[in-house]
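# Coordinates in review
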There are 2 protein chains.
Amino acid sequence: MAAQTGSQSVERASALLGLIVESGAPRTFSSLVDELGLAKSTTSRLLQALERSRLVYRDRAGAFRPGALFSLHAARPSALHDLAELARPTMEHLSTLCRETVNLAVARGGQLVEIDQVDSRYLIGATNWVGVDVPAHCTALGKVLYAYGALALPPGQLERRTAHSPVDRAQFEHALVEVRRRGWAGSLDELELGLAAVGAPVRAVDGTVVAAVSVSGPTNRINDFGITRLGDLLVTELRGLSGLLGHQPGRKGGSA
Amino acid sequence: MAAQTGSQSVERASALLGLIVESGAPRTFSSLVDELGLAKSTTSRLLQALERSRLVYRDRAGAFRPGALFSLHAARPSALHDLAELARPTMEHLSTLCRETVNLAVARGGQLVEIDQVDSRYLIGATNWVGVDVPAHCTALGKVLYAYGALALPPGQLERRTAHSPVDRAQFEHALVEVRRRGWAGSLDELELGLAAVGAPVRAVDGTVVAAVSVSGPTNRINDFGITRLGDLLVTELRGLSGLLGHQPGRKGGSA
DNA sequence: ACCCGGGTTCCATAATGTGAAACTTTGGAC
DNA sequence: GTCCAAAGTTTCACATTATGGAACCCGGGT
């Protein structure tokens, strides 16, 4: 019933690696022992093997963190492509549900980076955003990343793009509270008149927000669909993605 | 020359993973069999285990690519921090050698992203660049990333910052050829009068350029040090980093 | 000095990983 | 369509390799 056939040491080592990578924070040896329920000796040996292979390393405090191979991968431009590929099915699905442009973004280098887009099914719709530089606080994606701390609000004036753009920092902070409460963010006519978007977070298994997905289109069509309905839809659909990014949702194990 | 002690299946699996991640391109099953020299059956079983653990996945063509765990990590803002941490010792070392500001950058989302800096030992020197938005074609880091294809030159006018800024595309392309030939890039007074920098690539084990490191300071001091000497120094020092990013350089004492 | 908690090493045991070969699947040639 | 080769998976008998309990080590708190 346990693992399929064959390699159990590899699966155990991978499980350790999963714990280390999924929880953004450094993991201590004993927390790993506890969580997987393996013998200390076994855990120790497996971690040593992973360390030799540069899949994990110990920081100064002796805690385990994702190793050089992960950093190497992260440095490649193609890394985000892979994320996009994982998210693709979900994004396509959202596209079929609401027929509007769907976007995926992450925070990188203190900036919002759009990494993928599924185009609107309508002739009139949001056009390509990937690579375009827009003020994040006027976008649903940006609000989501700000709200969950994936992105830090830069100092200085908040740029005004339209009469609806949020420019007051206090008010904006308050709006972020609201975003966290509801679980999604809206942006109506804030970036460009007639353009609206609704966005929600993509979470890793540990709950950390690692990316955001938005649906955007003409304000009237978005309104017709229903802002709240759209927000809730996004939240629901994106929940599925968390599973993809981490463990299998199904199999429970461990707890000796 | 057996591995230390214990877990050989984990090490073998990790070796497979290493091959898959290090070579940017998707790896085919048989290339992995050939390269590691393991039995087909063993390779197959190990890869299946890695696949179950989401450390690799097979694309449509059936080739192996880094799995969801890698994408997840790459999406985290902290991912580049880890790279910075790996590069730190090298950067510190460069700093002690030439006493100027040392910077680390990668290409992300079509843009150059500075991710770490070791400040100049002088009172007058390049100040903080991290997060500052500068035209990449006027910087040594940018030239390096352009030269090795990590970054694509955007269409449109090349912004002029000083009288020395490269603005002619044909000339710039030619300069990139020169960069590739020498292995490093210089930028004298191109971004700001009196500011100079020399940069060189950080390569993964397969040779792909994943990042760039530069040394920058007042033009006169950089000149005094010697542009070529600095370029060669960078190339030499950064070669060591490739080791860190990939295979083990040798399990022995290493750092004193 | 003492003890305590986190971590590594030893070692006997057998469970687990191993590879040759048989087998299946895929795809190309004719 | 048939035939064949290459690519990959599963089987299976065997022994190498992983396993966990206990002993051991190390640092630091009292």
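Read on for a plain summary of the structure. Just so you know, these numbers come straight off a predicted model, no measurement behind them. (Residues numbered from 1 in each chain as written. Chains lettered and ligands numbered in written order. Predicted model: local features only at pLDDT ≥ 70, side-chain atom pairs only at ≥ 80, totals over all residues. Heavy atoms only, no water.)

## Here we look at the relation of the copies chain B and chain A
Note the cut-off: For the least-squares superposition of copies, only C-alpha atoms count, and only for residues with pLDDT at least 70 in both. Contacts between residues were defined by any pair of non-hydrogen atoms, one from each residue, lying within 4.5 Å.
Structural alignment of chain B on chain A gives an RMSD of 0.1 Å, achieved by rotating through 180 degrees and translating 0.0 Å along the axis. This pairing of chains is accounted for by a two-fold axis. Taking the C-alpha atom as reference, chain B places alanine 74 of chain B closest to the rotation axis, 2.2 Å from it. Looking at chain B, 97% of its interface residues are interface residues in chain A too, so the copies touch through the same face.

## Focus on the nonpolar core
The condition that has to hold: Only buried Ala, Val, Leu, Ile, Met, Phe, Trp, Tyr and Cys residues count toward a nonpolar core, and they belong to the same one when joined by side-chain atoms within 4.5 Å. Think of it in three bands: residues with accessible area under 20% of the maximum for their type are buried, residues over 50% are exposed, and the middle band is partly exposed, with areas taken using a 1.4 Å probe on protein chains only.
Leu50 of chain A together with Leu50 of chain B are the most contacted members of the largest nonpolar core, which totals 102 residues. Contact partners of leucine 50 of chain B, with chain neighbours within four places excluded, come to Val10 and Ser14 of chain A together with Ala13, Leu16, Leu17, Leu55 and Val56 of chain B.

## Some words on the side chain of histidine 73 of chain A
This is how it is decided: Secondary structure follows DSSP: runs of H or I at least 4 residues long count as helices, runs of E at least 2 residues long count as strands, and numbering of each begins at the N terminus.
Here histidine 73 of chain A shows up in helix α4 (residues 68–75). Apart from residues lying up to four places away in sequence, histidine 73 of chain A is in contact with Ala79 and Asp82 of chain A together with Val21, Pro66, Phe70, Ser71 and Ala74 of chain B.

## Looking at the packing of aromatic side chains
Put simply, the rule reads: Here a pair means two rings of Phe, Tyr or Trp (six-membered ring of Trp) with centres within 6.5 Å. Their orientation is stacked below 30 degrees between planes, edge-to-face above 60, and tilted elsewhere. Charges are assigned to positions over rings by a cutoff of 6 Å between ring centre and Lys NZ or Arg CZ, combined with an angular limit of 35 degrees from the ring normal.
A full pass over the atoms with the stated rule returns three aromatic pairs over all chains. Here tyrosine 146 of chain A and phenylalanine 172 of chain A contribute two aromatic rings whose centre-to-centre distance is 6.0 Å and whose plane-to-plane angle is 80 degrees, an arrangement assigned as edge-to-face. Of this pair, tyrosine 146 of chain A sits in helix α6 (residues 140–147) while phenylalanine 172 of chain A sits in helix α7 (residues 169–182), and the two are 26 residues apart along the sequence. Just as tyrosine 146 of chain A is buried, phenylalanine 172 of chain A falls in that class too. When the ring centre of tryptophan 184 of chain A is taken as origin, the NZ or CZ atom of arginine 182 of chain A, which lies over that ring, is 4.0 Å away. The ring of phenylalanine 225 of chain B carries the charged tip of arginine 229 of chain B above its face, separated from the ring centre by 4.0 Å.

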